[in-house]
Structure formats: C-alpha cells, structure tokens
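Working through the structure, step by step
Residue-level listing of the chains:
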Amino acid sequence: MKRVVFAAILLALLIGFNCFCLITIRETKNEATEKLDTLQSFLESENIDKTASECEKFADYWHGKHHVLSRIVRHELLDQTAMSVSRFVPLAKFGETGELASEINRCKFLLEEIYDSERPFLRNIF
C-alpha cells in the first residue's frame, strides 16, 4: 500500500511541475508578445531613438527570460529566438525598419512555436 501512495504522490508532483512549467511558458509568451507589439508600434511611429531604446530593453528582458526557459524548453527554438532578438538593436540603430519588422514577426512566431511545442498534445509526443 505504501508503494501505491508513493506512486500517487510522485504522479501528482510530476503533473504539478509540468503544469507549472506550461504556465510559465504561456505567461512568458504572452508578456513577450505584448512587448513585441509595443516595439512594433514604436517602429511604425518612425521614432528611431525610442525604438532603439525599447529594443535594448526587450533584449535585456529576453536575456533574463532565456535563462529561466532554457531549463524547461528545447534549446533549438530558444537559440533561434535569441539570435533574432540579438539583431533588434543594430537594426533599430541603423534604421533598417523593414528587417526589424521582419525580425519582430519572426520572434512572435517562434514564441508561439515554443509554447505550442510544449503543450501536451499527441502530435508533440510522437
């Protein structure tokens, strides 16, 4: 009987930890998408200095989140997102608005892909 109780406790801990990780990923995705939308609105207003400073803030934000997510998400998608974010500041400073808009959209897509790949669907397991 002790083994059954121990197994049930382990199962509950496993499910709880996985739910916590999924919630963390979802909250990070939502927060980062909001920041990227704000960044895109600054880009569309054609305020280069403000866009560059917001890009630096987002890069710092992502650097902090990258350390947390690297413990629970596949590194391939995180690395692609980090490479995309690293291009934000130079593109903003040199006025490459088209490329910057493209990288922002790419980041949004990658964030959605990260969240989707971690959701417990049958297609993600097999």
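Scroll up to find the structure this text is about.
Residues numbered from 1 in each chain as written. Predicted model: local features only at pLDDT ≥ 70, side-chain atom pairs only at ≥ 80, totals over all residues. Heavy atoms only, no water.

Structural notes on the nonpolar core
The biggest cluster of nonpolar side chains holds 26 residues, and the ones touching the most others in it are L36, C55, F58, W62, F88, L100 and I104. Sort the elements by how many residues they give to this core and helix α5 (residues 97-118) lands first, with seven residues. Setting aside anything within four residues of it in sequence, one finds W62 in contact with T28, L69, L78, T81, A82, V85 and L111. (Core = buried A, V, L, I, M, F, W, Y, C linked by side-chain atoms within 4.5 Å. Buried < 20%, exposed > 50% of the residue type's maximum accessible area, 1.4 Å probe, protein only. Helix = DSSP H or I, 4+ residues; strand = E, 2+ residues; numbered from the N terminus. Contact = heavy atoms within 4.5 Å.)

Comments concerning the packing of aromatic side chains
In this structure the tally under the stated criterion is two aromatic pairs. Where F58 meets Y61, the ring centres are 5.8 Å apart and the plane angle is 40°; that geometry is what we call tilted. Taken together, the residues span about one helical turn, with F58 and Y61 both in helix α2 (residues 48-69) at a distance of three residues. Taken as a pair, F58 and Y61 share a single burial class, namely buried. The structure contains a cluster of three or more aromatic residues connected by ring pairs, namely F58, Y61 and F88. Sitting above the plane of the Y61 ring, K35 keeps its charged end 4.9 Å from the centroid. (Phe/Tyr/Trp six-rings, centres within 6.5 Å; stacked < 30°, edge-to-face > 60°. Lys NZ or Arg CZ within 6 Å of the ring centre and 35° of its normal.)

Here's the deal with a nonpolar patch on the surface
A cluster of nonpolar side chains, M1, V4, V5, F6, I9, L10 and L13, forms an exposed patch at the surface whose accessible area comes to about 760 Å². Note on placement: V4 falls in helix α1 (residues 2-44). We classify V4 as exposed; its relative accessible area is 55%. (Patch = residues over 30% accessible without salt bridge, like charges linked within 9 Å, V, L, I, M, F, W, Y side chains within 5 Å. Areas by Shrake-Rupley, 256 points an atom, 1.4 Å probe, with all protein chains shown as cover. Salt bridge = Lys/Arg side-chain N within 4 Å of Asp/Glu carboxyl O.)

With respect to α2
Because each turn of an α-helix spans 3.6 residues, side chains separated by three or four positions in sequence point in the same direction. Relative to the 32 Å expected for 22 residues at 1.5 Å per residue, α2 spans 30 Å between its end C-alpha atoms, a close match to the ideal helical length. Among all positions of α2, only T51, A52, E54, C55, F58, Y61, W62, H66 and L69 are buried. Along its buried surface, α2 packs onto α1, α3 (75-86), α4 (88-93) and α5. (Expected span 1.5 Å × (residues − 1).)

Some remarks on empty space enclosed by the protein
Scanning the model with the defined rule gives one cavity of 30 Å³ or more in all. Approximately 40 Å³ is the volume attributed to the largest cavity. Around the largest cavity sit I25, T28, K29, L69, L111 and I114, which together line it. Looking at the lining of the largest cavity, the element that brings in the most residues is α1, giving three residues. The residue makeup of the lining of the largest cavity, split by class, is four nonpolar, one polar and one charged. (1 Å grid on protein atoms, 1.4 Å probe; cavity = no way out; pocket = protein on both sides within 12 Å on 5 of 7 lines; lining within 4 Å. Points joined across faces, edges and corners; volume = space filled by probe spheres on them. Nonpolar A, V, L, I, M, F, W, Y, C, P; charged D, E, K, R; others polar.)

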